[in-house]
Structure formats: C-alpha cells, structure tokens
Amino acid sequence: KDADMYFKEQDSHNLLRPETVESLFIMWKVTGESKYREMGWQIWRCFEQFTRLEQGGYSSIKSVLHPTRIVSMDKMESFF
C-alpha cells in the first residue's frame, strides 16, 4: 500500500477499454508534448503483450496485478 496507487484484487481486471489511450492521443495532438504519445504507446504495448490471443483477437483479463499469471476472460468488447 506504499505505492502511488492501490488496487483491490476484485478491481484489477482489464476490460479492453480504449478511452485512456484515445484521451492520451488527443492530449498529444493538442499539446504536442510527446509524453502523452509515449504513455499511450506504453499502454498499447501492454494490450499487445498481455491481452492478445494466439488464435487471434484480444481478451479482457482477470487481473493486471499478476503479469506472470495472465488469465483471459474469453471476452472481447465490440468497440475494441
């Protein structure tokens, strides 16, 4: 609990919501500050690394707290 942010296990899922990446893209376009582009790119790389499925597509994951034990929820939202 000494970290800047704390997540309870039941709140640690990733539902493939793209809004944060979209917002960071807009911030980069508006301000021209590359830090926003880099943040969005880092999030996208994590989507690729942790949610992309071998058989194709992506899946929500049960917890972002355990990157060595990713458990897919077998669900991909239509907006993703």
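This text gives an overview of the structure that appears in the document. (Residues numbered from 1 in each chain as written. Predicted model: local features only at pLDDT ≥ 70, side-chain atom pairs only at ≥ 80, totals over all residues. Heavy atoms only, no water.)

### Details of the pattern of salt bridges
Taken as a whole, this structure holds 4 salt bridges when the rule is applied. Across the pair glutamate 48 and arginine 52 runs a salt bridge, and its minimum N-O distance is 3.6 Å. Given a relative accessible area of 28%, glutamate 48 falls into the partly exposed group. Look at arginine 52 and you get partly exposed, because its relative accessible area is 46%. (Salt bridge = Lys/Arg side-chain N within 4 Å of Asp/Glu carboxyl O. Buried < 20%, exposed > 50% of the residue type's maximum accessible area, 1.4 Å probe, protein only.)

### A look at unusual backbone geometry
Trans is the prevailing form of peptide bonds, just as negative phi is the prevailing case for residues other than glycine. For leucine 16, which is not glycine, the phi dihedral falls at a positive 60°. Of note, leucine 16 is situated in the segment before α1 (19–31). Among the residues examined, leucine 16 registers a relative accessible area of 0% and is labelled buried. (Helix = DSSP H or I, 4+ residues; strand = E, 2+ residues; numbered from the N terminus.)

### Notes on helix α2 (residues 34–51)
Taking 1.5 Å of rise per residue, the 18 residues of α2 would be expected to cover 26 Å, and the 25 Å separating its terminal C-alpha atoms lies within 8% of that figure. Restricting attention to buried positions, one finds in α2 the residues Tyr36, Gly40, Phe47 and Thr51. Relative to the axis of α2, the buried residues are bounded by an arc of 35° and lie together on one face. If you follow the buried residues of α2, they end up packed against α1. (Expected span 1.5 Å × (residues − 1). Arc of directions from axis to C-beta. Contact = heavy atoms within 4.5 Å.)

So far we have only geometry, and geometry alone does not tell us how the molecule works.
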